[in-house]
Amino acid sequence: MIIVVYDLPQELQGVKLNEKSVTAFLPLQTKLIRTEAITIDEASGLMIEVEELLNYQNEKMKIRMLQFMFLDQHKLYSLQGSIGPRDTVEDFGLQMKKYEPLFRLIPSKTELDN
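Residues numbered from 1 in each chain as written. Predicted model: local features only at pLDDT ≥ 70, side-chain atom pairs only at ≥ 80, totals over all residues. Heavy atoms only, no water.

Caption draft 1: View of the sheet that holds strand 1 (residues 2–7). What the 5 strands build is an open sheet, ordered 1-5-4-3-2; its pairing is antiparallel. Edge strands, defined here as strands with exactly one partner in the open sheet, are strand 1 and strand 2 (30–40). Across the sheet, the axes of successive neighbouring strands diverge by a mean angle of 25°, strand direction being ignored. In terms of strand pairing, strand 2 meets strand 3 (residues 43–56) through 10 bridges, oriented antiparallel. Each bridged residue has a counterpart across the sheet, and for E36 the counterpart in strand 3 is M47. (Pairing = 2+ DSSP bridges. Helix = DSSP H or I, 4+ residues; strand = E, 2+ residues; numbered from the N terminus. Axes fitted to C-alpha atoms, helices over the stretch in contact; angles between N-to-C directions.)

Caption draft 2: A look at the nonpolar core. Counting 13 residues, the largest nonpolar core has I40, L66, F68, F70 and F103 as its most contacted members. Taken together, the elements giving at least two residues each to this core come down to strand 2, strand 3, strand 4 (59–72), strand 5 (75–87) and helix 2 (93–109). If near-sequence neighbours (up to four positions away) are discounted, F68 is found in contact with M1, I38, I40, L46, M47, Y77, S78, L79, F103, R104 and P107. Counting 11 residues, the second largest nonpolar core, distinct from the first, contains L8, L17, V22 and M69. (Core = buried A, V, L, I, M, F, W, Y, C linked by side-chain atoms within 4.5 Å. Buried < 20%, exposed > 50% of the residue type's maximum accessible area, 1.4 Å probe, protein only. Contact = heavy atoms within 4.5 Å.)

Caption draft 3: The pairing of strand 3, seen in detail. Between strand 2 and strand 3, which follow one another and run antiparallel, lie 2 residues, and D41 among them has a positive phi close to 50°. Bridge count for strand 3 against strand 4 is 12 bridges, and the pairing is antiparallel. Pairing of E51 across the sheet is with R64, part of strand 4. Once strand 3 ends, the chain turns through 2 residues before running back antiparallel as strand 4, passing Q57 with a positive phi of about 50°.

Caption draft 4: Quick peek at the packing of aromatic side chains. In total, this model carries 2 aromatic pairs according to the counting rule given. Ring geometry for F70 and Y77: centres 4.9 Å apart, planes at 10°, overall stacked. For the pair shown, F70 and Y77 are each scored as buried. Ring centres 6.2 Å apart and planes at 25° place the aromatic pair Y99 and F103 in the stacked group. Highlighted residues: Y99 and F103, both in helix 2, separated by 4 residues, approximately one helical turn. (Phe/Tyr/Trp six-rings, centres within 6.5 Å; stacked < 30°, edge-to-face > 60°.)

Below you can see the structure in the form of structure tokens.
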């Protein structure tokens, strides 16, 4: 699980997390699979599942990620669990079902220490 905190630039402060706003942030080689409204430490957020194509050791590969995002005090918090890299023809559906409960556990217990 990777946890990243971004300081939002002035022009993005006040942005609402939804499917449309998140899609604008995704690289072109990333496919949005699904979104879900979530709450992390009483803050409204969004979970997204994405699949990204990439070049890994000179081979085309893909990864599948669940990202749990929320905003607090001009910061974007992102907790990310991922599977891969794997061959581009591999189906991550069964693996995601296996690991999704673990990936959800960390955001469900996350608390900000303000």
